[in-house]
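Structure at a glance
Take a look at the letters that make up each chain.
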Amino acid sequence: MNLNSYRKQIGLIYLIPFILYLLDPFGKGFLFGYILILSLILNTKKLILFFDRDFVFVSFFSISYALFYAVELKSGVQFIFIYALFPGFFYLLGKYLMVDGIRPRQIVVLLFSIGFIFSLSSLISVLINLREGGFAQLNRDIPIFWNGKATKATLMAAYLTFNMTIPIIFLIRKPKTPILLQLIGGVIFIASLLSVFRLGSRTQLVICILSIVLSLFFVIPRQSFKTNVQLFFFILLLSALVLKFVPLNLDADYFSVLGSRLQESDNTGSAGGRTSLWMNAIENLFIHPFGWQGPNVRYAHNLWLDVARYAGLVPFFLLIVFTLRSLKNTVKAVRKAPKELLLNNTIIVFTLSCMLIFFVEPIMEGLFFLFTVYCLFQGIINAYLKQPIAEIDLQK
């Protein structure tokens, strides 16, 4: 299946608003989300076929959360509908994107393409900032290029999450990723890595390192000795080039922000002070089962605990169920076609990268777009699970 064939099967009525939703121009991406939902609703006959238990759980969670939000509006009435509708419908959109005949390698390209488009507004903004002021800037907030609005570094960095996993495509030698895709991926990764240094994001650096380490543990036992020897020499050569041409010095300009944050030893062990917030939130779970809010209440910096803080135990429980089911589906997807190392590794790394962000940030109130993309990925994974094994063209 080529790109033109895929575009025709999906339809521009879905692709254009989906891309614009991911780009979020002028902070109005949610409007294109509405268009996507309307387009899906108008395709009711096909939409009903995508309904399953995961859709029910994520929809029940999102609707219950939206009802609690409606009691105390913080960001406008439109967020009642955004919270209630977007997670479930983006899950269905993920299933819709999995057209008949799509191959494992094409699924990998689809996942990374979504991740890249999702990152594009943030990536361009940080690169423009780098061009104008370099690395040695004290202010971590970056103006978004659409309207110049200063955006916190944590938010800007979160959009780069999937780009930071790109090195995994170089670790799997068979089937080998086409050279052109490797070059494109390499350029995107280097640009994203420079952006992470400018933003001083320790979380994104951890995601990058963990994705590489986990990928090595995953692929080495599953590859031949000859392939692993090639991989070893590739890593050795790459490491030598980095050590020769990249100064690993915390006082270097490109380490201006990240280097200072890495040297902050007082809160690194507590995840930037988050562990105390987590413990406090866990205590409040039992004291305030319907949520706890107030002028002195802080974010728990954890998706599940912040949901409990804002909306209580019912949405918290439903989100836990959806999370556990999504992890179970990820494991099942990886076991479906064991020889598809690139796809299986990508599914694992994307899921765990999202989980890492979910554990340390207030997602629903700060990075809601990332949660909808996660729901989309889960739709793709579940559609892949239902694809007959005979349709999977192994190693192609």
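Residues numbered from 1 in each chain as written. Predicted model: local features only at pLDDT ≥ 70, side-chain atom pairs only at ≥ 80, totals over all residues. Heavy atoms only, no water.

Before going further, it helps to spend a moment on the overall build of the protein. Assigned secondary structure in the protein consists of 18 helices and two strands. Relative to its length of 396 residues, the protein is compact, with a C-alpha radius of gyration of 21 Å against a globular reference of 21 Å. Considered along the principal axes of its C-alpha atoms, the protein spans approximately 60 × 55 × 40 Å. In the protein, of all internal contacts separated by at least 6 residues, the share reaching a separation of at least 24 is 74%. A total of about 19,100 Å² of accessible surface is found on the protein, and carbon and sulfur atoms cover 69% of it. Averaging the coordinates of the 34 positive side-chain charges in the protein and doing the same for the 18 negative ones gives two points 11 Å apart. (Helix = DSSP H or I, 4+ residues; strand = E, 2+ residues; numbered from the N terminus. Rg over C-alpha atoms; globule rule 2.2 N^0.38 Å. Contact = heavy atoms within 4.5 Å. Areas by Shrake-Rupley, 256 points an atom, 1.4 Å probe, with all protein chains shown as cover. Lys, Arg positive; Asp, Glu negative; His and termini not counted. Charge placed at Lys NZ, Arg CZ, Asp CG, Glu CD.)

Let us look at the pattern of salt bridges. Inspection of every chain in the model, using the stated rule, returns six salt bridges. Asp 52 is the salt-bridge partner of Lys 386, the closest N and O atoms lying 3.9 Å from each other. Linking Lys 386 in the segment after helix 18 (368–385) with Asp 52 in the loop between helix 4 (44–48) and helix 5 (53–71), this pair joins segments that are 334 residues apart in sequence. Of the residues examined, Asp 52 reaches a relative accessible area of 14% and is grouped as buried. Between Asp 306 and Arg 309 there is a salt bridge, with its nearest N and O atoms 2.9 Å apart. Residue Asp 306 and its partner Arg 309 are located together in helix 14 (residues 303–311), separated by three residues, close to a single helical turn. Note on accessibility: Asp 306 and Arg 309 belong to one class, buried. Overlapping salt bridges, with partners in common, bring together Asp 52, Lys 95 and Lys 386 in one network. (Salt bridge = Lys/Arg side-chain N within 4 Å of Asp/Glu carboxyl O. Buried < 20%, exposed > 50% of the residue type's maximum accessible area, 1.4 Å probe, protein only.)

Bringing the packing of helix 5 against helix 14 into the picture now. It is the contact of helix 5 with helix 14, at a shortest axis distance of 9 Å, that shows an interaxial angle of 45°. In this view, helix 5 runs oblique relative to helix 14, as classed from their interaxial angle. Along its contact with helix 5, which presents Phe 61, Tyr 65, Phe 68 and Tyr 69, the element helix 14 presents Val 307, Tyr 310 and Ala 311. Its residues placed into classes, the contact of helix 5 with helix 14 shows seven nonpolar, no polar and no charged. (Axes fitted to C-alpha atoms, helices over the stretch in contact; angles between N-to-C directions. Parallel < 35°, antiparallel > 145°, perpendicular 65-115°, else oblique. Nonpolar A, V, L, I, M, F, W, Y, C, P; charged D, E, K, R; others polar.)

A complete count under the given rule lists 31 aromatic pairs for this structure. Pairing Phe 61 with Tyr 65 gives two aromatic rings, centres 6.1 Å apart and planes at 45°, and the pair type is tilted. Residue Phe 61 and its partner Tyr 65 are located together in helix 5, separated by four residues, close to a single helical turn. This pair shows no difference in class: Phe 61 is buried, exactly as Tyr 65 is. Here the guanidinium or amino end of Lys 336 rests over the ring plane of Tyr 384, the centre of that ring lying 4.9 Å away. (Phe/Tyr/Trp six-rings, centres within 6.5 Å; stacked < 30°, edge-to-face > 60°. Lys NZ or Arg CZ within 6 Å of the ring centre and 35° of its normal.)

The tally for this structure, following the rule as stated, stands at two cavities of 30 Å³ or more. Lining the largest cavity are Leu 111, Ile 347, Phe 350, Thr 351, Tyr 374, Phe 377, Gln 378 and Ile 381. Secondary structure elements with two or more residues in the lining of the largest cavity: helix 16 (341–360) and helix 18. Residue contributions to the lining of the largest cavity peak at four residues, all from helix 18. Along the lines of polarity and charge, the residues of the lining of the largest cavity split into six nonpolar, two polar and no charged. (1 Å grid on protein atoms, 1.4 Å probe; cavity = no way out; pocket = protein on both sides within 12 Å on 5 of 7 lines; lining within 4 Å. Points joined across faces, edges and corners; volume = space filled by probe spheres on them.)

So, about the packing of helix 14 against helix 15 (residues 313–336). One way to put it is that helix 14 packs onto helix 15 with a least axis distance of 7 Å and a crossing angle of 155°. If you check the angle between helix 14 and helix 15, you find them roughly antiparallel. Regarding helix 14 and helix 15, the two cross each other, and that crossing is right-handed. Counting all contacts with helix 14, which are made through Leu 303, Trp 304, Leu 305, Val 307, Ala 308 and Ala 311, the residues of helix 15 involved are Leu 313, Pro 315, Phe 316, Leu 319, Ile 320 and Thr 323. (Left-handed = near helix turned anticlockwise from the far one by under 90°.)

Turning to the side chain of Thr 151, a few remarks are in order. By secondary structure assignment, the location of Thr 151 is in strand 2 (residues 150–151). A distance of 3.2 Å separates a polar atom in the side chain of Thr 151 from the backbone oxygen of Lys 149. For Thr 151, the contacting residues outside a window of four places in its chain are Asp 141, Ile 142, Ile 144 and Met 156. (Polar contact = N/O pair within 3.5 Å; in protein donor to acceptor, adjacent residues only side chain to side chain.)

This paragraph deals with the environment of Thr 323. When you line up the elements, Thr 323 lands in helix 15. Distance from Thr 323 to Phe 57, taken between C-alpha atoms, is 9.6 Å for residues 266 residues apart in sequence. Setting aside its immediate chain neighbours within four residues, Thr 323 contacts Trp 304 and Met 355. Of note is the side chain of Thr 323, whose polar atom sits 2.9 Å from the side chain of Trp 304.

Turning our attention to the nonpolar core. If you look at the biggest cluster of nonpolar residues, it comprises 112 residues, and the most contacted ones within it are Ile 114, Phe 358 and Phe 371. For this core, the element with the highest residue contribution is helix 18, accounting for 13 residues. If we skip the residues at most four places from it in the chain, Phe 371 touches Phe 61, Pro 87, Leu 303, Leu 319, Phe 358, Ile 363 and Met 364. (Core = buried A, V, L, I, M, F, W, Y, C linked by side-chain atoms within 4.5 Å.)

All we've got here are geometric facts, nothing functional implied.
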